[in-house]
Amino acid sequence: MDQFVLNIIVVGATFALYIGIAIWARAGSTAEFYAAGQGVHPVLNGMATGADWMSAASFISMAGLIAFGGYDTSVYLMGWTGGYVLLAMLLAPYLRKFGKFTVPEFIGDRFYSNVARTVAVICLITASLTYVIGQMTGVGVAFSRFLEVSNTAGLFIGAAIVFMYAVLGGMKGITYTQVAQYVVLIIAYTIPAVFISLNLTGNPIPALGLFSNDVSTGAPILSTLEGLVTDLGFKSYLEQSDTTLNMFLFTVSLMIGTAGLPHVIVRFFTVPKVADARTSAGWALVFIALLYLTAPAVGAMARMNLINTFYPNGIEGQALSMAEIEAGEDASGADLEWVNNWAKTGLLAFDDKNGDGLITYVGDAEANELTVNRDIIVLANPEIARLPGWVIALVAAGGLAAALSTAAGLLMAISSAVSHDLIKGQINPNISEKGELMAARIAMAVAIAVATYLGLNPPGFAAQTVALAFGLAAASIFPALMMGIFSKTVNNTGAVAGMLAGLITTVLYIFLHKGWFFIAGTNTFTDADPMILSIKSTSFGAIGAAINFAVAFMVSSITKPVPANVVELVESIRVPKGAGAATGH
Amino acid sequence: MADNSSSNAYWKANIQTILVFLVIWFVCSFGFGILLRPMLAGIGVGGTDLGFWFAQQGSIIVFLVLIFAYAFRMNKLDREHGVDE
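What counts as what
Per chain, residue numbering runs from 1 following the sequence as it is written. By the order in which they are written, chains take letters starting at A while ligands take numbers starting at 1. Owing to the predicted nature of the model, reporting of local features is limited to residues with pLDDT of at least 70; listing and counting of side-chain atom pairs is limited to 80 or more, with chain, interface and lining totals taken over all residues. Neither water nor hydrogens contribute to the side-chain values; these are computed over all heavy atoms in the structure. Of the two site types, the cavity is a set of points on a 1 Å grid over the protein atoms alone where a 1.4 Å probe fits but cannot get out, and the pocket is an open set with protein on both sides within 12 Å along at least five of seven lines, each lined by residues with an atom within 4 Å of a point. Grid points are joined across faces, edges and corners, and a volume is the space filled by probe spheres set on the points. Secondary structure follows DSSP: runs of H or I at least 4 residues long count as helices, runs of E at least 2 residues long count as strands, and numbering of each begins at the N terminus. Any residue that is not Ala, Val, Leu, Ile, Met, Phe, Trp, Tyr, Cys, Pro, Asp, Glu, Lys or Arg is counted as polar, Gly included; the first ten are nonpolar and the last four charged. Residue count minus one, scaled by 1.5 Å, sets the expected span of a helix. Buried, partly exposed and exposed residues are distinguished by accessible area as a fraction of the type maximum, computed with a 1.4 Å probe on protein chains only: under 20%, between the cut-offs, and over 50%, respectively. One confidence number per residue, pLDDT, is output by the predictor and ranges from 0 to 100. We call two residues in contact when some of their heavy atoms are within 4.5 Å. Salt bridge criterion: a side-chain nitrogen from Lys or Arg within 4 Å of a carboxyl oxygen from Asp or Glu. Here the axes come from fitting lines to C-alpha atoms, over the contacting stretch only for helices, and the angles between their N-to-C directions go from 0 to 180 degrees. The cut-offs work like this: below 35 degrees is roughly parallel, past 145 is roughly antiparallel, 65 to 115 is roughly perpendicular, and the gaps in between are oblique. Crossing handedness follows the turn of the near helix against the far one: under a right angle anticlockwise gives a left-handed crossing, and clockwise gives a right-handed one. To get the bend at a residue, fit one axis to the 7 residues ending there and another to the 7 starting there, then take the angle between the axes. Distance and chemistry together define a polar contact, namely a pair of N or O atoms within 3.5 Å, with one atom able to donate a hydrogen and the other to accept it when in protein, and with adjacent residues in sequence counting only for side-chain atoms on both sides.

What follows concerns the layout of surface pockets. Residues and elements named next belong to chain A. The computed volume of the second largest pocket comes to approximately 680 Å³. Contributing to the lining of the second largest pocket are 31 residues, with Phe68, Gly69, Lys235, Arg374 and Gln464 lying nearest its centre. For the lining of the second largest pocket, the secondary-structure elements that each account for two or more residues are α3 (56-69), α4 (74-98), α11 (244-260) and β2 (370-372). The residue inventory of the lining of the second largest pocket, partitioned by class, reads 14 nonpolar, eight polar and nine charged.

Here's what the structure looks like:
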C-alpha cells in the first residue's frame, strides 16, 4: 500500500479513537470524569500528565538533538526529568494543600497583592507563548512530511488544526483521552526503537541496547558510532564539547523550569489528597521516563543508520551517489524513497558541490553536501532503518498526538489567563460570560497567529525553543512559588520586584541572542559567542532565577513585614491535615 | 490545625528529609553526570564511561527512586506527627 494512504489511515484511526473516548466519557459518566484527577486512578492520572507534558519537543525534537549533539545534549534528558523531583518535594504537596486551581491565584493570595497576581499572569503568558512557538515548529515538521508538502504549508495546515482543536475545547481536561494519547505516543516511540535495537544489537530493550555490542562487529555500538563521527570530522559523540558552566546552568534552568511551568503544576492541584500529590509526580515521571530512557538509544542508533545509509560501502568506500537517490534505491537494492520524500519538505537537502556525482557527508562545512534538520530524525528514523510502512505511519500519529495535545493545552492556558485572571479578575469584573468567552477566543487566535508567524523562522529547533520557555518559567514563576512556601519573610513588594527582575533580565538576554521578539537578524550576540562567559540564552533562566531570589529577599528586608494572617496561611500549607477538596476560581 | 510544636517538629523533619534527598539528587545528576564525570572516566560502561551513563540514563532512574522514597517517608512522617488526612 502507498505510504501516504497508510499514514492517513493510521493517523485517522488514532484521532477517531480520541474522539470516541471523549464521547464515551461524556455520555457514560457523571461528574467524576470531569473533576480532573479526582476518582481517577493515580497511575492513569500519571499517564495523562505524561501526555500533557511530552510535546513535540520530547517526541519529535529531542532524540534528533541527541543524535547530532551526543553527550552535550544529556542536559535535555536530565533537565526535563529532574524537575519532577523538585516538583514532588518542593511544590506539589503544598500547592495541593493551598487548595485553589491556578498558579496566579496562589501567588496573588500568598503575596496578598493583585499586582503580584497580574505579574504572575504576565510571566505565565510569556513562557507559554514561547512554548507554543516551539510546538508549532514541531507541528510544521510533522504535517509537512505526513501530507508531503513544504514545511511552510505544513505549518499553516498544522496551525489551522491546532486552532480548531483548541477552540472546540479539544479533548483536553478529559483524562481518559489523554491516557489514550499517551498510549499511542509511547507505542509509536518505542516500537521503531525496539526494531532498530534488535537489528543493531540483538537486544530488544533500546535503553540496554545503547550500551550493548554491535551484532555485526562485536564492538560496543557507542564506540563504533564515536569512530564513525570522528573519522568523518564531526564533533565527538561521547566527549564533552560544551563548557561545564553552560551545561550546568542549562540543566538547572530546565529542571526548575519544569517545576515552574503552570500547565504541569495545575495537574497536582486537583488530586484527592496531599499524599497523592507526592506520588502523582512519581507516576508521571515513570511514564515520562519510558520515553526518556529510550530517547538516547533512538538518537545514537538513528545517527548510525543515517551514516550507514549515506556510506553504503562503509566510510572508507564510495559514498552514496546522486544517481542512486534518483533511482530510489542504492546499489544493493535498499530503498531510498525516504530521502526524496524528506527533500520535498525542504528539511533534508543535498547539493553536489564538487560535481563528482556523490553525496559527501562530512563534518567540514565547506565540503559537506548533505544537510539534515535535527527535527526530522525521530519521524524519519523508521524510514532510515527501513521498517515496515505501518511503523512509519504510527510514528507520524504519535508525533501529531504529542504536538497537538500540548499546543492546544498551552493555548487554553494562555486564553484562560487573559480572559479569567486578567480581564475578569482585574480589568472588568462585570464582564458577561459571553464576553469572557469571546475574549478567550480572541486571545487564542492572537497567540496562534503570533506563534505561527514566529514558527516560520523559529529561534531554534523545536526542543531549543521550548528550552527558552523553560528558562522563562525558571526565572519568574519557580522562585516566587518557592519563596511563597519556604519563606515567611518575603512580602508583596519583594515578590513583585523579584518576578519582574527575573523575567525582564531573562527576556532581555534571550532577545539579545535570538533577536528582538525572535525576529531574525535583530540579535546583538549569538549563542556561539554569548554575551556573558559561555552562558547561552537557553541556560540564562538559572541566572534569572538567582536574580529573582536575590532581589525579592533584598526588597523584602527594607519594606513592610508580612502580615500575621499570611504567615498563618504559610503555616497551614506546610501540613497536609485538613486539605479538603480544591475550591473554585 | 495541629498544635504548633508538633507541626514545627514535623516541618523540621520534612526539611531535613528534603535536604538529604536533594543532595542525592544533585550528586547523581549534576555530580556524576557533569562535574565529576572526569573522575569516573576510568569506569567503563558499554563503550563509554559511567559519567555518560549517569547523564543519559542513571540520573533518571535515581530521580524515580527518590520521588517514591520521599512519598513513602513523608507518609510515615505524616502519621507519626498526626498531620495526615
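Residue and element names in this part refer to chain A. A rise of 1.5 Å per residue sets the reference length of helix α2 (residues 42-53), with its 12 residues, at 16 Å; its end C-alpha atoms lie 16 Å apart and thus fit the reference within 8%. By the criterion of burial, α2 is predominantly enclosed, with nine of the 12 residues buried. Within α2, the full set of buried residues consists of Asn45, Gly46, Met47, Ala48, Thr49, Gly50, Ala51, Asp52 and Trp53.

Moving on to the confidence of the model for chain A. Residues and elements named next belong to chain A. When pLDDT is averaged along chain A, the result is 85, and 94% of the positions lie at 70 or above. Averaged pLDDT values over the elements of chain A bottom out at 78 in helix α12 (residues 262-265) and peak at 94 in helix α21 (residues 541-558). Contacts of residues 27-37 to residues separated by more than four positions or lying in other chains number 13 contacts, the stretch itself having pLDDT below 50.

What follows covers the pattern of salt bridges. In this structure the tally under the stated criterion is six salt bridges over all chains. For Arg278 of chain A, the salt bridge goes to Asp78 of chain B, with nearest N and O atoms at 3.2 Å. Of the two residues, Arg278 of chain A sits in helix α13 (residues 274-310) while Asp78 of chain B sits in helix α2 (residues 50-80), which places them in two different chains. Grouping residues by exposure puts Arg278 of chain A and Asp78 of chain B together as buried. Salt-bridge contacts for Lys488 of chain A lead to Glu571 of chain A; the nearest nitrogen and oxygen are separated by 2.7 Å. Taken together, the residues span a long stretch of sequence, with Lys488 of chain A in the loop between α19 (462-486) and α20 (492-514) and Glu571 of chain A in helix α22 (residues 564-573) at a distance of 83 residues. The buried category is assigned to Glu571 of chain A, whose relative accessible area is 17%.

All names here are of chain A. This model, assessed by the stated rule, comprises four cavities of 30 Å³ or more. Its boundaries defined by the atoms lining it, the largest cavity holds a volume of some 90 Å³. Around the largest cavity, the lining residues are Asn7, Ala142, Arg145, Phe146, Leu379, Glu383, Ile392, Val395 and Ala396. At the level of elements, α6 (114-146), α16 (377-384) and α17 (389-427) are the ones that each hand at least two residues to the lining of the largest cavity. For the lining of the largest cavity, a count of residues per class yields six nonpolar, one polar and two charged.

On to the packing of α20 of chain A against α21 of chain A, then. Residue and element names in this part refer to chain A. Viewed as axis vectors pointing N to C, α20 and α21 meet at an angle of 155 degrees, and their least axial separation amounts to 7 Å. With respect to α21, the element α20 is oriented roughly antiparallel. The handedness of the crossing between α20 and α21 is right-handed. In contact with Thr493, Gly494, Ala497, Gly498, Met499, Ala501, Gly502, Thr505 and Thr506 of α20, α21 contributes Gly541, Gly544, Ile547, Asn548, Val551, Ala552, Val555 and Ser556.

Moving on: α2 of chain B. All names here are of chain B. In a regular helix each residue adds 1.5 Å, so 31 residues correspond to 45 Å; α2 covers only 39 Å between its end C-alpha atoms and thus falls short of that length. At Gln57, α2 is deflected by roughly 50 degrees, the largest bend along its length. Sitting at the amino-terminal end of α2 is Asp49, which places a side-chain oxygen 3.1 Å from the backbone nitrogen of Gly51. Two residues or fewer past α2, Gly82 is found with a positive phi of approximately 65 degrees.

Bringing the interface of chain A and chain B into the picture now. Counting residues at the interface gives 56 residues for chain A, matched by 44 residues for chain B. Joining chain A to chain B, the criterion identifies one salt bridge. Our enumeration of links across chain A and chain B arrives at seven residue pairs in polar contact (both at pLDDT 80 or more). Within the residue set of the side of chain A that touches chain B, elements represented by two or more residues are α4, α10 (221-231), α11, α13 and α22 of chain A.

All names here are of chain A. The backbone of Tyr112 shows a phi angle near 30 degrees, a positive value even though the residue is not glycine. The phi dihedral of Leu533 is positive, around 45 degrees, even though this residue is not glycine. Looking at the secondary structure, you find Leu533 in the loop between α20 and α21.

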